[in-house]
Structure formats: structure tokens, C-alpha cells
Amino acid sequence: MTQPLTGVKVLDFSTLLPGPLCSLLLAEAGAEVIKFERPQRGDEMRSYEPKAGDDSANFVLLNRGKKSIAIDLKLPGALLALTPFIAEADVVVEQFRPGVMDRLGLGYEALAKINPRLVYCSITGFGQNGPRSTEAAHDLNYVAAAGMLSLTAGADGSPGLPPALIADIAGGAYPAMINILLALRQRDQTGKGCHLDVSMADNLFAFQYWGLGSGAQGQWPKPASDLVTGGSPRYRIYRTSDGQFLAAAPIEDKFWNNFVSLIGLSVETLSRMQPPAAIEAVGHAIAQHTAAHWQDRFAGHDVCVSRVVSLEEATRDPHFAARGLFGRTVSTASGATLPALPVPVDDRFRLSTTEQLSPALGEHNQLLDNRA
């Protein structure tokens, strides 16, 4: 089957995570992605640890199936060298601070004169305009600025450190791909491209829809006081007698009734308690037995409870194996091989081959000469 993005050409000027993950998703659906990198050093992600051959495992996972051209964008002849690529491209992905691409002669207005059909996607922390648009920041800063980090505070009031790069992926890479696809569809109708302004901080508010809804009614959420922030016994993490943890989310009554009955408590009694007391009662009951005991106890019942496992354990889960999540591999130019990153692109849209390559820095520089 022809992949849905076959024939779509993407020029990727981004580094690190948001842009490269976005262009990886496009590549998985059949787009040709050319990654432009600095000579000698390349994408900074190449230098991260641990290494998989000459490059970091991080880089290899995020850049499989792409081509790499090493070029100094600051050189006077860079724009001329890139003009043939721009003229035939469908998409540009970049994540410099606002104004940087303009100073390089590669801003949207300049490139649209060369190719009016170009879909130009800019991924930034705070967007192309506004008082904070040029502020230096990373994922943790965006999560803090959007109000999300405050809701992770524990008993001592200190916010917790998120274990995932939420803004980069959920606020940057995914919205970028969604909007690129929408822009390509719009171009089918109008014949014109556009400039997409993807702000990672902006896109975090959608994840807090419940808090915004409550706030509109004068009930702004607080840590450890609302359903999903730890204020309810129906959405908590409980410690077992052997020091393991259970993630319990029996929110609906049908799940809650099953859960409470199986841990030996009374729904009626808990309903008369204030949330802190109910949480303590449930926690005390769970703490009487091991995680294995509770897994056996809950087996076959709808209770919405999962044991907290490590990432290593999760990759060995028979369920994910049956789903084929780690059945693909990615290899490097230096011969290293590792499991490919599972991405949210349906298998019907992806190549049937289970092995792909991650490019060496400048591996495809001959394309510059071919288009000169």
C-alpha cells in the first residue's frame, strides 16, 4: 500500500526533541525528510549519552529513516545552496527562537516567495509573539509557566519533577504534526501554504481542561485537593506491605464498589468519611498485603488498579509484546542496532520493513551537489 505521505518532502532544521520527533512521525507515514545539521557537531542530540555507535541512542531513536546534510546556515551561500530544496519542498520544520530564521534569510516570508505552497512549521516554547516569545527555556519551564507543575506538589508543598518531557512531545511534536497535516489538507483546497505557530506552553492548557473548567466556576484546582491531583481515594497511589505501589483509579461507582469490597472495606462507611480519612483507610488496608497478593485478589475483577512497574519491566510485558511495540529496529551507520522507538502512527500507514537506518552526519551531502 502507498503510504499516505509518499511524495511529501520535508526540510527539517530542528534539533533535540520536538522538531525531530515531529519529522520522525512524518517520515514514518512516508514523507521524505532531509535533516539539515551544523558541520562537525551536527544536532546536539548526537553527543548525548549513552551512545549507540558513534551517535547517542536518543538521536538514533528520533532520526531513523531521515537523510542528513551538514551545512552552515550562516554562510553567505547557504540560501543559494538550499534554494532548489526549498523550491520542491512541501514542509519546513524549525524550532529556533522567533527571528533567528529571518536573520538567516530562511524565514517564512522569504521562503514563501520561492515556494508559495510551502507549509512552514515553527515550534517554539512561547510562540512567535508575546512578552515571553524570546525567553530561553526548556520543557520544565513551560510546564511550570502553564500552571501544570504546581499541581504535582506533595505534602511538603514542593512540586514534583515530571518523568516525561510533556511540553516537548505533547505540546510540541504532536501538535506540530497535527497542524502540518491540516495545513497540507488546506493546501489541497487553496493551493497555498502557510506559517504554523506551534507554542509548547500554549498547548499544555488543553491537558488541564478540567482545571480550567473548575476555575471558570471559581474553584481553581490545588495540589492534593482534586480528583486527579490526589484529593480523592478513588485516584491515588497506595503502598503495599512489600514496599511496592498500586496505581488505583476506580473512579466510577461500579469500579469503586468492586475495589472497596475486595480490599475488605465498606462503601457506605467510606462515603461518610472526609476524603483524607477515606484515603488513610484505603491506604491502611492496601498496606496489609503484598503487591502480588493484591494482583491475585483483583484478577478477573474490574477495579482499574495497576502495579507500578519500571520502564524495563514494561518493555517485557507480554501485552506490549503481543502488540508488536518493540518489534522494529533501527541501525546506525557505525553498525549499532537497537529497538526502534514506538510511535503513534498506525501500522497500516508505515513501511512493512522492520529495520530502518539512522543517518551519519552529512551522509547525504551529495544531494547539495546534485541540486546545484
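An account of the accompanying structure is given in this report. Here the structure is a predicted model, which means the values were calculated and not measured.

### Notes on the sheet that holds strand 12 (residues 329–332)
At step 1: In space, the three strands of this open sheet follow the order 13-12-14, with mixed pairing throughout. Only two strands of the sheet have a single neighbouring strand rather than two, namely strand 13 (337–339) and strand 14 (355–358). Taken pair by pair, the neighbouring strands of this sheet meet at an average axis angle of 30°, ignoring direction.
At step 2: The sheet contact formed by strand 12 and strand 13 spans three bridges and is antiparallel. Across the sheet, the residue bridging to T329 is P339, located in strand 13.

### Description of the sheet that holds strand 7 (residues 119–124)
At step 1: Read across the open sheet, the six strands follow the order 5-2-1-6-7-8; overall the sheet is parallel. Strands with a single pairing partner mark the edges of an open sheet, and in this sheet they are strand 5 (67–70) and strand 8 (194–199). Here the average twist between neighbouring strands, direction ignored, is 20°.
At step 2: Of the pairings in the sheet, the one linking strand 6 (residues 91–94) to strand 7 comprises four bridges and is parallel in character. Bridge pairing links V92 to Y120 in strand 7.
At step 3: Packing against the sheet, helix 7 (residues 166–190) makes contact with strand 6, strand 7 and strand 8, and its axis sits at approximately 160° to strand 8.

### As for the packing of helix 9 (residues 253–262) against helix 12 (residues 291–298)
At step 1: Interaxial distance between helix 9 and helix 12 falls to 11 Å at its minimum, and their mutual angle equals 125°. What the angle tells us is that helix 9 and helix 12 run oblique. Relative to helix 12, the crossing made by helix 9 is right-handed. Of the residues in helix 12, those in contact with F259, S261 and L262 of helix 9 are W294, R297 and F298.
At step 2: Residue classes in the contact of helix 9 with helix 12 are distributed as four nonpolar, one polar and one charged.

### Concerning the packing of aromatic side chains
At step 1: Tallied over the full model, the rule gives seven aromatic pairs.
At step 2: Taking the centre distance of 5.8 Å and the plane angle of 70° together, the rings of Y108 and Y120 count as edge-to-face. Here Y120 lies in strand 7 and Y108 lies in helix 5 (residues 108–114), a separation of 12 residues in the sequence. Each member of the pair, Y108 together with Y120, is buried.
At step 3: An angle of 35° between the planes, with centres 5.9 Å apart, marks the rings of W256 and F259 as tilted. Highlighted residues: W256 and F259, both in helix 9, separated by three residues, approximately one helical turn.

### Observations regarding the pairing of strand 14
At step 1: What you see with strand 14 is a clean split: Q356 and S358 sit on the buried side and E355 and L357 on the side with no burial.
At step 2: Summarising the sheet, strand 12 and strand 14 pair through four bridges and their orientation is parallel. Within strand 14, the residue paired with T329 across the bridge is E355.

### Side note on the environment of A52
At step 1: Looking at where A52 falls in the secondary structure, it is placed in strand 3 (residues 51–52).
At step 2: As for A52 and S334, which are separated by 282 residues in sequence, their C-alpha atoms are 8.7 Å apart.
At step 3: Setting aside residues no more than four positions away along its own chain, A52 makes contact with A57, V60, T332, S334, A336 and L338.

### Some words on the nonpolar core
At step 1: V10, L26, V91, Y142 and I180 are the most contacted members of the largest nonpolar core, which totals 44 residues.
At step 2: Put simply, the parts of the chain that give this core at least two residues each are helix 1 (18–28), helix 2 (57–62), strand 6, strand 7, helix 6 (139–145), helix 7 and strand 8.
At step 3: If one sorts the elements of this core by residue count, helix 7 sits on top with seven residues.
At step 4: Not counting residues up to four positions away in its chain, the partners in contact with V10 are L26, A31, E32, V33, I34, V91 and V93.
At step 5: Counting residues in hydrophobic clusters, the runner-up holds 22 residues, among them F13, A78, L118 and Y120.

Calculation notes
- Residues numbered from 1 in each chain as written.
- Predicted model: local features only at pLDDT ≥ 70, side-chain atom pairs only at ≥ 80, totals over all residues.
- Heavy atoms only, no water.
- Pairing = 2+ DSSP bridges.
- Helix = DSSP H or I, 4+ residues; strand = E, 2+ residues; numbered from the N terminus.
- Axes fitted to C-alpha atoms, helices over the stretch in contact; angles between N-to-C directions.
- Contact = heavy atoms within 4.5 Å.
- Parallel < 35°, antiparallel > 145°, perpendicular 65-115°, else oblique.
- Left-handed = near helix turned anticlockwise from the far one by under 90°.
- Nonpolar A, V, L, I, M, F, W, Y, C, P; charged D, E, K, R; others polar.
- Phe/Tyr/Trp six-rings, centres within 6.5 Å; stacked < 30°, edge-to-face > 60°.
- Buried < 20%, exposed > 50% of the residue type's maximum accessible area, 1.4 Å probe, protein only.
- Core = buried A, V, L, I, M, F, W, Y, C linked by side-chain atoms within 4.5 Å.

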